[in-house]
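Coordinates in review
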There are 2 protein chains.
Amino acid sequence: MAITSHDVARLAGVSQPTVSRALRDQWGVSASTRRKVREAARTLGYVPIQAGRTLSTQTSGRIGIVSAELSNPFYPAIIEPVHDELARLGYRTILVTDRGHEPVELEPIIDGSLDGVILTTTELDSQLPYELRRRGVPFVLLNRDTRQPEYDACVVNNTVGVWDLAKLLLGLGHQRIGAIFGPDTASTGLERRTGFAQALGRLGASLPNSLTFSGPFSSTTGSQGFQYLWNAKPTAIFCANDVIALGAVSEAAALGVRIPEDVTLVGFDNIPMSSWNIFGLTTVGVSLEEMAMTAVGLLTRRMDDTERAVQRVTMKPVLTLRSTHGRPRALDAETH
Amino acid sequence: MAITSHDVARLAGVSQPTVSRALRDQWGVSASTRRKVREAARTLGYVPIQAGRTLSTQTSGRIGIVSAELSNPFYPAIIEPVHDELARLGYRTILVTDRGHEPVELEPIIDGSLDGVILTTTELDSQLPYELRRRGVPFVLLNRDTRQPEYDACVVNNTVGVWDLAKLLLGLGHQRIGAIFGPDTASTGLERRTGFAQALGRLGASLPNSLTFSGPFSSTTGSQGFQYLWNAKPTAIFCANDVIALGAVSEAAALGVRIPEDVTLVGFDNIPMSSWNIFGLTTVGVSLEEMAMTAVGLLTRRMDDTERAVQRVTMKPVLTLRSTHGRPRALDAETH
DNA sequence: GCTTGACATGCATACGTATGCAAAGAATAG
DNA sequence: CTATTCTTTGCATACGTATGCATGTCAAGC
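Okay, so let's go over this structure. Since the structure is predicted, the reported quantities are computational estimates derived from the model, not experimental observations.

Below, the discussion takes up the nonpolar core. Of all hydrophobic cores here, the largest spans 141 residues; its most connected members are Ile118, Phe196 and Phe279 of chain A together with Ile118, Phe196 and Phe279 of chain B. Other than its neighbours up to four places away in sequence, Ile118 of chain A contacts Ile63, Gly64, Ile65, Val66, Val82, Leu86, Val140, Leu142, Val296 and Leu299 of chain A. Listed in part, the 36 residues of the second largest apolar core include Ile109, Leu114 and Ala153 of chain A together with Leu119 of chain B.

This paragraph deals with the relation of the copies chain B and chain A. When chain B is brought onto chain A, the operation consists of a screw motion whose angular component is 180 degrees and whose axial shift is 0.0 Å, with 0.1 Å RMSD remaining. The relationship between the two copies is best expressed as a two-fold rotation axis. Closest to the rotation axis within chain B is the C-alpha of Ala51 of chain B, separated from it by 2.4 Å.

Now for the environment of Glu191 of chain A. All names here are of chain A. Relative to the assigned elements, Glu191 resides in helix H9 (residues 187-202). On the accessibility criterion, Glu191 (31% relative accessible area) is partly exposed. It is 9.0 Å that separates the C-alpha atoms of Glu191 and Val162, two residues lying 29 residues apart in sequence. Excluding residues that lie within four positions of it along the chain, Glu191 makes contacts with Val156, Asn158 and Phe196. A polar contact is formed between the side chain of Glu191 and the side chain of Asn158, at a distance of 2.8 Å.

Turning to the protein's contact with DNA strand D, a few remarks are in order. Around DNA strand D, the structure places 29 residues, and the nearest of them are Thr18 and Thr33 of chain A together with Ser5, Tyr46 and Ser56 of chain B. Counting only atoms of DNA strand D within 4 Å of the protein, the fraction found in sugar and phosphate groups is 64%. Within the side chain of Ser15 of chain A, one N or O atom sits 2.9 Å away from a phosphate oxygen of DNA strand D. Residue Arg21 of chain A places a side-chain N or O atom 2.8 Å away from a base oxygen belonging to DNA strand D. Of the residues forming the surface near DNA strand D, the biggest block, five residues, is contributed by helix H4 (residues 50-57) of chain B. Of the residues in the surface near DNA strand D, the class split is nine nonpolar, 16 polar and four charged.

Residue and element names in this part refer to chain A. Side chains Ala236 and Phe238 of strand E8 (residues 236-239) all project onto a buried face; the interleaved residues Ile237 and Cys239 project onto the opposite face, where all are buried too. Both strand E6 (residues 177-181) and E8 contribute to a ladder of four bridges, which runs parallel. Along E8, the bridge assignment pairs Gly178 with Ile237. In terms of strand pairing, E8 meets strand E9 (residues 264-266) through three bridges, oriented parallel. Considered in E9, the bridge of Ile237 is made with Leu265. Between E8 and its parallel partner E9, the chain crosses via helix H11 (residues 242-255), and the hand of that crossover is right-handed.

Taken together, the neighbourhood of DNA strand C is formed by 29 residues, with Ser5, Tyr46 and Ser56 of chain A together with Thr18 and Thr33 of chain B sitting nearest. Taking the atoms of DNA strand C that fall within 4 Å of the protein, sugar and phosphate contribute 63% of them. Arg53 of chain A places a side-chain nitrogen or oxygen 2.9 Å from a phosphate oxygen of DNA strand C. Listing elements by their share of the surface near DNA strand C, those giving two or more residues are helix H1 (5-12), helix H2 (16-23) and helix H4 (50-57) of chain A together with helix H2 (16-23) and H4 of chain B. The biggest single contributor to the surface near DNA strand C is H4 of chain A, with five residues.

Looking now at the environment of Arg135 of chain A. Here Arg135 of chain A lies in helix H7 (residues 128-135). Note: C-alpha distance between Arg135 of chain A and Thr283 of chain A (148 residues apart in sequence) is 39 Å. Excluding residues that lie within four positions of it along the chain, Arg135 of chain A makes contacts with Ile110 of chain A together with Gly45 and Val47 of chain B.

A word on the interface of chain B and chain A. Chain B puts 44 residues into the contact, and the matching count from chain A is 46 residues. Of the roughly 3900 Å² buried where chain B meets chain A, counting both sides, 60% is carbon and sulfur surface. Linking chain B to chain A there are six salt bridges. One can count 24 residue pairs in polar contact (both at pLDDT 80 or more) joining chain B with chain A. Counting only elements with at least two residues in the side of chain B that touches chain A, the list comes to H4, helix H5 (74-88), strand E2 (92-97), helix H6 (107-110) and helix H11 (242-255) of chain B. The biggest single contributor to the side of chain B that touches chain A is H11 of chain B, with six residues. Classifying every residue of the side of chain B that touches chain A gives 21 nonpolar, 12 polar and 11 charged.

Attention now moves to the sheet that holds E9 of chain A. Residue and element names in this part refer to chain A. Reading across from one edge, E7-E6-E8-E9 is the order of the four strands in this open sheet, with parallel pairing throughout. Each edge of the open sheet carries a strand with a single partner, namely strand E7 (212-214) and E9. Taken over all neighbouring pairs, the strand axes of this sheet differ in orientation by 15 degrees on average, direction set aside. Across the face of the sheet, H9 comes into contact with E6, E7 and E8 while running at roughly 165 degrees to E6.

Attention now moves to the pattern of salt bridges. Under the counting rule described, the total for this entry stands at 34 salt bridges over all chains. Arg99 of chain A is the partner of Asp84 of chain B in a salt bridge, and the nearest nitrogen-oxygen pair spans 2.3 Å. Placement of Asp84 of chain B in helix H5 and of Arg99 of chain A in the loop between strand E2 (92-97) and helix H6 (107-110) is noted, with the two residues assigned to different chains. As a salt-bridge pair, Arg42 of chain B and Glu39 of chain B come within 3.3 Å of each other at their nearest N and O atoms. Placement of both Arg42 of chain B and Glu39 of chain B in helix H3 (residues 31-44) is noted, with a separation of three residues, approximately one turn of the helix. Classification of Glu39 of chain B as partly exposed rests on a relative accessible area of 40%. Bridged by salt links that share partners, the residues Glu69 and Arg99 of chain A together with Asp84 of chain B form one connected network.

On to the side chain of Ser223 of chain B, then. Residue and element names in this part refer to chain B. Secondary-structure assignment places Ser223 in helix H10 (residues 219-230). The class of Ser223 is buried, set by a relative accessible area of 17%. In terms of polar contacts, Ser223 uses its side chain to reach the side chain of Glu251, at 2.8 Å. With sequence-adjacent residues up to four places away left out, Ser223 is seen in contact with Gly247, Ala248 and Glu251.

To continue, consider the packing of aromatic side chains. Summed over all chains, the structure comprises 14 aromatic pairs over all chains. Aromatic pair Phe279 of chain A and Trp276 of chain B: ring centres 6.5 Å apart, planes at 65 degrees, arrangement edge-to-face. Residue Phe279 of chain A is found in the loop between E9 and strand E10 (283-285), and its partner Trp276 of chain B is found in the loop between strand E9 (264-266) and strand E10 (283-285); the two belong to separate chains. With a centroid separation of 5.4 Å and an interplanar angle of 50 degrees, the aromatic rings of Phe139 of chain B and Tyr151 of chain B are classed as tilted. Highlighted residues: Phe139 of chain B in strand E4 (residues 139-143) and Tyr151 of chain B in the loop between E4 and strand E5 (153-156), separated in sequence by 12 residues.

Scoring rules and cut-offs
The residue count restarts for each chain, going from 1 along the sequence in the order it is written. Whichever chain is written first becomes A and whichever ligand is written first becomes 1, with later ones labelled in order. Since the coordinates come from a predicted model, pLDDT governs what is reported: local features require at least 70, and pairs of side-chain atoms require 80 or more to be given and counted, while whole-chain, interface and lining totals use all residues. By convention in this description, side-chain values take in all heavy atoms of the structure and omit both hydrogens and water. The set of buried Ala, Val, Leu, Ile, Met, Phe, Trp, Tyr and Cys residues whose side-chain atoms join them within 4.5 Å is what this entry labels a nonpolar core. Throughout, exposure labels follow a simple rule: accessible area from a 1.4 Å probe, protein chains only, divided by the maximum for the residue type, with under 20% read as buried, over 50% as exposed, and the rest as partly exposed. Throughout, a contact is declared for two residues whenever any of their heavy atoms are within 4.5 Å. Only residues with pLDDT of at least 70 in both copies contribute their C-alpha atoms to the least-squares superposition of the copies. For helices the rule is a DSSP run of H or I covering at least 4 residues; for strands it is a run of E covering at least 2, with both sets numbered from the N terminus onward. The definition of a polar contact used here is a pair of N or O atoms within 3.5 Å, where within protein one atom must be able to donate a hydrogen and the other to accept one, and adjacent residues in sequence count solely through side-chain atom pairs. Proximity is defined per residue: any heavy atom of the residue falling within 4 Å of a molecule or strand makes that residue near it. Note on residue classes: Ala, Val, Leu, Ile, Met, Phe, Trp, Tyr, Cys and Pro are nonpolar, Asp, Glu, Lys and Arg are charged, and everything else, Gly too, is polar. Any two strands between which DSSP finds at least two bridges are classified as paired. Place the viewer so that the strands point away; then a crossover is right-handed whenever the path from the first strand over the helix to the second strand goes clockwise. For any pair of parts, buried area is found by adding up, for both, the accessible area (1.4 Å probe) each one loses once the two are put together. Salt bridge criterion: a side-chain nitrogen from Lys or Arg within 4 Å of a carboxyl oxygen from Asp or Glu. Axis definition: a line fitted to C-alpha atoms, over the contacting stretch in the case of helices. Angles run 0 to 180 degrees between N-to-C directions. To pair, rings of Phe, Tyr and Trp, with the six-membered ring standing in for Trp, must have centres within 6.5 Å; the planes then decide the type, stacked if under 30 degrees apart, edge-to-face if over 60, and tilted in the middle.

On their own, these measurements won't tell you what the molecule is for.
Next comes the structure, spelled out in structure tokens:
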């Protein structure tokens, strides 16, 4: 059905291998032959069949990115720059969805149709990295880490990030601080929880259990968490990521709670949506573009040399002050 | 490097074809042989190389979905149910990005690596459908249509949708109605623009040019459009899709304009984010799940029979009343 | 016991591209 | 004019899986 290199060869009056060489710009083909082949290929609208290429070269030019559901805005936000950077390098991006409640389907990753994989949903104890290494599939961890630092990875320094936020909140005069945490099964969840609690402690404050709530990294968690915590009347709430924070902001709006007048809310990640002016979320994070580029760089280097030493990059997040933070109401009244 | 069916054959003491047949559950393989092969495959961790399969069967089990940037929330919203439905049928989804300002890259679509394609970004005069038909690649139009109804498609009845919205706005007593339209190069943009203007006309109202704004289907358009229109003080604004409407709501919040007290805003599509309670957007639309299932159904039928008659489905949108609509302020005051 | 048939398995090959190697042809040097 | 080198091209084959066809085996029927 489809046009093959044999068809082009016949039309150009050359052999099939010559077609392959001519179109792939290899030396060893005369200018006139190349012109003939080019012309024939153009006439027929020839496009090389990818499967043939993959089988022959053992390389597909496809990179997989394992992400969670797209309805979680964090994932589109990280997939997009990864996709762009891969495209710049001539790779195509294949989406592999991780539903969370069941392990990622392994087959489409290790069936030879991917040259490499970027993992963005890794849980601390996930077997996937181990499995991929065992099978010789190059991969890199993006944003989330495993328990042991034994794989290529590009992650955020969560400890520094939550420290900055803790300092910000305390500096504004907040005493009664609540927190909506993510799952302890992910490095981001665990590190941000323990890091934030420790930071408060070191800075002379505390985080009572009654002022914490936990759930998956979803806007629903933010919404439920805000409902739950609001009864305990904190003056500020730390959210373990922006998606949770956006859910909390949204719930606050529904309850008629004003931000930042009635409560301060901060997030983590600095996803693009947080800058929408209806949210204006004060948050901390790294450039997702830079993170994507770094991760892609690590991956391509791993693909070039599977034996090279593990390389890990930890990016330092920076604080972005927008409009969801303010002084606690009591203090505010004092100064007037 | 990777394990092949030959390795499995050697270990199981059978021939390679027998491995293929045994693992593919074909008749003509004895129970004992099948058991041996299964065992050997499990031991070696054998996964069939996709390229070999594709080359041999001329089918990849991959479906492409052409969408715009994921930063536009409409696309994650439609990709997700399409992906789920395809997964249910055993297909994997490949994302193909349409950047809008340049034509979609054709090669990865027609290089034999896709069994079919779902187009969600088709412009009225796009050459892509023509090209795909010419090359025999099965496809279906989703949401957006071409100028002539010559391809399989699942679209929304935009005329009915905007009529319902026009009726709603006029019913609430709005007289001074503005609109933020999408691009005329897309069926959704054109139909919603002309449809809305006509509906107002038939219902005895009008839409002055000074109260309209146009731009791409992005939240930025909503934001800019709201800024622009707000000077002319409309009491209600129709937005050509939800993404625009969310941008407008967001901008209104930034300007301190209250919704629906100061202005009514309505959208079109009913994407999941519109139901976030910070937005609570009143809008009209079809179930994206249903739309996705319908489109996938059309596509698979086309793949089964490339000769079958063109089939087109038009879905009737329904109104979802949330909290961004209300009576105009003047009237509201009267009744008090 | 021989024939017939059903079933299980292997052989050969196709799918389309890329590449090592050999052969043929052209160009250069002596 | 011949010998040598370099360039261009084709032949053969590999990549891994799936399947038509032929062969082999075994059991049942007469």
